[in-house]
Amino acid sequence: MAIYKLQINGRSYEVDVEPDTPLLWVLRDNLGLVGAKYGCGIAQCGACTVHVNGNAMRSCVYPVSAASNAKITTIEGLSEDGSHPVQLAWDEVDVAQCGYCQAGQIMTATALLNKNPKPSAEEIDNAMNGNICRCGTYHRIREAVALAATKQK
Amino acid sequence: MPNVTQDSRRNFMKLFAAAGGGLVLGFNTTSSVASALGLIDEAKLPAAAIDFNSYLSISPENIITILSPNPELGQNIKTSFPMIVAEELDADWTKVKVVQAPLDTNKFERQVTGGSGAVPHSWERLRKAGATARHMLVEAAAKRWKVPANSLTTENGTVVHAASGRKLTYGELATEASKVPVPADVKLKDNKDFKLIGTAVRNVDNHEMITGQPLYGLDIYKEGMLYAMIQRPEAFGLKLKSVDAAAAKAMPGIVDVVTFKNNVAVVGKSTWQVMKARKALKISYEQEGALESSADHDRLFKELLKSPEATVRRKDGDVDAAFKKAAKIIESEYQCPFLSHSPMEPMNFFAHVRPDGVELAGPTQTPERARDQVAKLLGIAPESITLELTRLGGGFGRRLSADYVLEAAELSSLVKAPVKVIWSREDDMTGGIYRPAVRYRFEAALDAKGNMIGYKLRGVGINSGNPTREDNFPSGAVENLLIESVEHQSPITTGPWRAPITNFLAYAEQAFLDEIAHAAKKDPVQFRLELLERAKKSPVGEIKYDIDRMRGVIELAAEKSGWGKKKGVAQGFSVYFSHRSYVAQVAEVKLKNAVPVIDKIYAAADCGIVVNLSGAYQQVRGGIVDGLGHAMYSKLSFKGGAPEQQNFNNYRLIRLKEVPEIDVHFVNNGIDPTGLGEPALPPTGGAVANAIFKATGKRLRNQPFVEQPELKNVIG
């Protein structure tokens, strides 16, 4: 066990965990931030996606020991009230079915739009292809990302 | 409402005025008399008043709370159920608060998600719940204003007296309304007056989902809760022999290692700690059943297709005679692999077994069955168990089984602590209860004019039960028909998988019908319509599908897709009746550099009245994506009793780039809702395979398509 200082959603946290603990489980079990989901544990499905220094990362394989000094954003940190353009687009398009994968989808989409505010359809497809939605809401994901791009300030 | 079923005659009763006033309504399945029960809170309800199955409450502050009793797994029931109540109530939807109800077998009926049955089952009772409350609110306003009730109207959560311009909100009337006698019967709206039903309403949990709030079983944390992961036998046919848990027990955060049945459970203080410690277990197993491989199943299927020991499912006319006089015989075999359900949220459940009762919480499609099985396991009364339903991160039939709930309960009773059992993705994929592997053999006899005079189907499956649906189309349209099945019992566990059996059977049947149409030189749509016409004019045996509804979706899909009128695109057709609804699909394939690419899929669905257009549209599209993805890519195979795929790195699910455009249309026939959770899935594989045939001349008879030699170098 070791103490790690983490910067998450603009706040400082301190956790005492084993160095190899994936960031996902620190968020969920130690900090109660359960927005990032466990789906596969091997970076294949994207349900656990968070931002590390602005990049979309699979938190299920990202050890906490690598997260010190990094700026981490989870879905809880996108906005206080669900008013981030990507969140608004997800609501407006009514994307979710079961909803379990959607936090990861939203975080992947947000990272894309932060880097590329006006992505082409192909760029959206490329960015979102790593996130599995077992319900098959892919059409609405595409639509919501495109809509969010029009809402970005 | 013209047709009154037995359900709709069930009596309503007023239950109690909520604390601080307000109206709470339910409807009773047994009692016809009720009286106002005074100001009590729900927990203190007298036993006599609890016997109802759905309810809504209206607070003086004008908040309308509607309980949604059925498990929500993405079929959107938590939005569509309350919409039905709110419609008849004429509620202001923006003031409706929806709450997931826990399991309550006194209040609710059929708290189940499965069989596409929730809306069909509850349609009338939900409408009556809303209409009864509306009636009482109107009566209360009439009394207050001293005007006839029939001079009042309702809109947007208010009662209006147009003649005087007066208006009161439901909240303002709720306390008085709770004292109005409950009507024995109420008039329901004409469909044409629906304002909310049939519109696109956003998911009531959208805010929680997009902001990452705890909603799912895996998100639950309860005071003092321990985390557990269970090592189950790595192959079907093995049983536990011995365990050396010393190393695992010594690892940080580990509280205990407990063995029960074939399970070795590692219990500790965090998910990661138990996940890691589980890898340190040293377990030996011994064989107790056959260790089957997929190669064994392939051989077995061929034997069973010839076996003299088949169960006859349906027999019309004389098939032997028909095949003897046939001008042409078409034979074909189709096979599907086992599939994992793989909902995005793996299996998990919380249990706290205390001396005075049991607390259960988590994702299940069948809370009542789970509770009853836990009661039996622990030898306690079901009434001493509470079950809180979380939102389900998918289900697809996997959570109809309560195995993981039983694990949590048994483990909690052994460690005497609140515990959550968590399955890893690998546990979820290798832990059993799969869509069974099945092989079908079809034979059709045509006369010289290309009429189908004989039809034979034999289905053989591994723990498949009856892998046929013997009364489905084309049964009833063929004079001589034989449908039979053979089942092989295996240690590999199986269970219902979204659109059980029909998820593959529909593909096989619809692809075979395409083969027959091709052999008979008939247009596939025309061929199906002719068969339906024959079934209508001179039905053979019993017909258990609605010929007109099936024809309706066929014609709508053909119209919307421009069937047979397009150039440069190959179209494939499929239509299927499953559960209570009808869906026809047209898949379009284009050749790009000689590679067939699925370009677009049209769907025409008849599910009766569409409750929520947003949910329904996505339900059809999602069902098609599910059907397409599994037909194209997914397979669970076995070697020595163990699954060869363990996670999404080697078990392929469809991804965003692989979905074609999908265009959905609904038949508008005003029939009461007939369900939509499953029926869009079965037709997809057939439509796609038939379009690929049209484009390439190659028939796909086995799934997944990407592994078929016919397409080895063309799709992937």
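Fair warning: this is a prediction, and the values are worked out from it, not measured in the lab.

Within chain B, the secondary structure is distributed over 16 helices and 28 strands. For a compact globule of 716 residues, the expected C-alpha radius of gyration is about 27 Å, and chain B comes in at 28 Å, within 12% of that figure. For chain B, restricting intrachain contacts to residue pairs at least 6 apart in sequence, the fraction spanning at least 24 positions comes to 76%.

Looking now at the overall build of chain A. Along chain A, the regular secondary structure elements total 5 helices and 5 strands. Along chain A, from the amino end to the carboxyl end, the secondary structure elements read β-β-α-β-β-β-α-α-α-α. Along the first, second and third principal axes, the C-alpha atoms of chain A reach 45 × 30 × 25 Å. In chain A, which comprises 153 residues, the share counted as buried stands at 59%.

The next subject is the interface of chain A and chain B. Chain A puts 46 residues into the contact, and the matching count from chain B is 46 residues. For the side of chain A that touches chain B, the elements supplying multiple residues, two or more each, are α1 (23–30), α2 (85–93), α3 (102–115), α4 (121–128) and α5 (138–151) of chain A. Sorting elements by how many residues they give to the side of chain A that touches chain B places α5 of chain A first, with 4 residues. Looking at the side of chain A that touches chain B, its residues break down into 22 nonpolar, 16 polar and 8 charged.

Paired through backbone hydrogen bonds, the strands of a sheet run either parallel or antiparallel to each other. Residue and element names in this part refer to chain B. Strand order in the open sheet formed by 3 strands is β6-β7-β8, and the pairing between neighbours is antiparallel. Taken across any chain shown, the strands that pair with only one partner, and hence form the sheet edges, are β6 (152–155) and β8 (166–169). Averaged over all neighbouring strand pairs, the angle between strand axes comes to 25 degrees, with direction disregarded. Direction of pairing for strand β7 (residues 158–161) relative to β8: antiparallel, over a ladder of 4 bridges. Directly across from valine 160, in β8, lies its bridge partner lysine 167. Across the sheet, helix α2 (residues 118–145) is in contact with β6, β7 and β8; its angle to β6 comes to roughly 130 degrees. Each of β7 and β8 is contacted by helix α3 (residues 170–177), which is oriented at about 75 degrees to β8, the strand it contacts most.

With that out of the way, let us pick up the UniProt feature "domain: Aldehyde oxidase/xanthine dehydrogenase a/b hammerhead" (unreviewed entry) in chain B. Taking the UniProt record as the reference, the feature "domain: Aldehyde oxidase/xanthine dehydrogenase a/b hammerhead" (unreviewed entry) is found at residues 211–289 of chain B. With 16% helix and 41% strand, residues 211–289 of chain B has its two end C-alpha atoms placed 48 Å apart.

Attention now goes to the sheet that holds strand β24 (residues 581–592) of chain B. Residue and element names in this part refer to chain B. Strand order in the open sheet made by the 4 strands is β23-β24-β25-β28, with mixed pairing throughout. Where the open sheet ends on each side, the last strands, each with one partner, are β23 (570–578) and β28 (661–666). Each strand of the sheet is rotated relative to its neighbour by a mean of 20 degrees, with strand direction disregarded. Packing against the sheet, helix α14 (residues 547–561) makes contact with β23, β24, β25 (595–606) and β28, and its axis sits at approximately 135 degrees to β25.

Here the focus is α2 of chain A. Along α2 of chain A, the positions that sit buried rather than exposed are Val86, Gln87, Ala89, Trp90, Asp91 and Val93 of chain A. The elements touched by buried residues of α2 of chain A are α3 and α5 of chain A together with α4 (206–211) of chain B. Residue aspartate 94 of chain A follows α2 of chain A closely and has a positive phi angle near 60 degrees.

Residue and element names in this part refer to chain B. Spanning 13 residues, helix α10 (residues 403–415) covers 18 Å between terminal C-alpha atoms, matching the ideal 18 Å at 1.5 Å per step. The element α10 is largely enclosed, with a buried count of 10 among its 13 residues. For α10, the full list of buried residues reads Tyr404, Val405, Leu406, Glu407, Ala408, Ala409, Glu410, Leu411, Ser412 and Ser413. Where α10 terminates, the next one or two residues include lysine 416, which has phi positive at roughly 50 degrees.

With that settled, consider the domain arrangement of chain A. All names here are of chain A. Domain assignment breaks chain A into domain 1 (2–77) and domain 2 (85–151). Domain 1 and domain 2 are separated by 21 Å when their C-alpha centres are compared. Broken down by secondary-structure element, the contributors of at least two residues to the side of domain 1 that touches domain 2 are β3 (49–52) and β4 (55–58). Ranked by the residues each element gives to the side of domain 1 that touches domain 2, the list is headed by β3, at 3 residues. In terms of residue class, the side of domain 1 that touches domain 2 is built from 7 nonpolar, 7 polar and 1 charged.

As a further point, take the environment of serine 401 of chain B. Residue and element names in this part refer to chain B. Tracing the sequence through the fold places serine 401 in the loop between β18 (385–389) and α10. Separated by 193 residues in sequence, serine 401 and alanine 594 have C-alpha atoms that sit 45 Å apart. Setting aside anything within four residues of it in sequence, one finds serine 401 in contact with Ile433 and Gly495.

Residue and element names in this part refer to chain B. Mean pLDDT over chain B: 91, with 92% of residues reaching 70 or higher. Across residues 1–21 the pLDDT falls below 50, and counting only partners more than four positions away or on other chains, this stretch makes 63 contacts in the model. The low-confidence segment residues 26–53 (pLDDT under 50) makes 64 contacts with residues lying over four places distant or belonging to another chain. Predicted as a complex, the structure gets a pTM of 0.93 and an ipTM equal to 0.98.

A few words now on the domain arrangement of chain B. Residue and element names in this part refer to chain B. The domain architecture assigned to chain B consists of domain 1 (7–209), domain 2 (217–288 + 347–422) and domain 3 (310–338 + 434–711). Computed over C-alpha atoms only, the centres of domain 2 and domain 3 are separated by 38 Å. Contacts between domain 2 and domain 3 engage 9 residues on the former and 11 residues on the latter. Partitioned by chemical class, the residues of the side of domain 2 that touches domain 3 number 5 nonpolar, 3 polar and 1 charged.

Moving on, we get to unusual backbone geometry. Residues and elements named next belong to chain B. The residue after phenylalanine 473, namely proline 474, is reached through a cis peptide bond having omega 15 degrees. As for its placement among the helices and strands, proline 474 is situated in the loop between β21 (452–462) and β22 (480–488). In the segment running from glutamine 703 into proline 704, the intervening peptide bond is cis, with an omega of 0 degrees. The residue proline 704 is located in the segment after α16 (682–696) in this model. One non-glycine residue, asparagine 76, lies in the positive phi region at around 75 degrees. Summarising the element assignment, asparagine 76 is placed in the loop between β4 (64–68) and α1 (77–89). Notably, arginine 110 is not glycine yet its phi reads approximately 50 degrees, a positive angle. Tracing the backbone through its elements, the reader meets arginine 110 in the loop between β5 (96–100) and α2. Judged by local crowding, arginine 110 falls into the partly exposed class, with 15 C-beta atoms found within 10 Å.

Across soluble globular proteins, nonpolar side chains show a tendency to be buried alongside one another. If you look at the biggest cluster of nonpolar residues, it comprises 250 residues, and the most contacted ones within it are Ala228, Leu360, Val553, Ala603 and Ala605 of chain B. With 11 residues, α2 of chain B is the largest single contributor of residues to this core.

All names here are of chain B. Here helix α9 (residues 367–378) crosses α10 at 35 degrees, and the two axes come no closer than 9 Å. Crossing of α9 over α10 shows right-handed handedness. Residues Ala370, Gln373, Val374, Leu377 and Leu378 of α9 form the contact with α10, whose own contacting residues are Val405, Leu406, Ala409, Glu410 and Ser413. Its residues assigned to classes, the contact of α9 with α10 comprises 7 nonpolar, 2 polar and 1 charged.

Here the focus is the environment of leucine 218 of chain B. Note on placement: leucine 218 of chain B falls in the loop between α4 and β9 (226–231). Considering only alpha carbons, one finds leucine 218 of chain B and proline 363 of chain B, 145 residues apart in sequence, at a separation of 8.7 Å. Among residues more than four places away in sequence, those in contact with leucine 218 of chain B are Tyr38 of chain A together with Glu345, Asn348 and Ile422 of chain B.

Procedures and definitions
Residues numbered from 1 in each chain as written. Chains lettered and ligands numbered in written order. Predicted model: local features only at pLDDT ≥ 70, side-chain atom pairs only at ≥ 80, totals over all residues. Helix = DSSP H or I, 4+ residues; strand = E, 2+ residues; numbered from the N terminus. Rg over C-alpha atoms; globule rule 2.2 N^0.38 Å. Contact = placed C-beta atoms within 7 Å. Buried ≥ 20, exposed ≤ 12 C-beta atoms within 10 Å, placed from the backbone. Nonpolar A, V, L, I, M, F, W, Y, C, P; charged D, E, K, R; others polar. Pairing = 2+ DSSP bridges. Axes fitted to C-alpha atoms, helices over the stretch in contact; angles between N-to-C directions. UniProt positions renumbered as here; feature names shortened; annotations may be inferred. Expected span 1.5 Å × (residues − 1). Domains from an automatic or database assignment. pLDDT = per-residue confidence, 0-100. Core = buried A, V, L, I, M, F, W, Y, C linked by C-beta atoms within 7 Å. Left-handed = near helix turned anticlockwise from the far one by under 90°.

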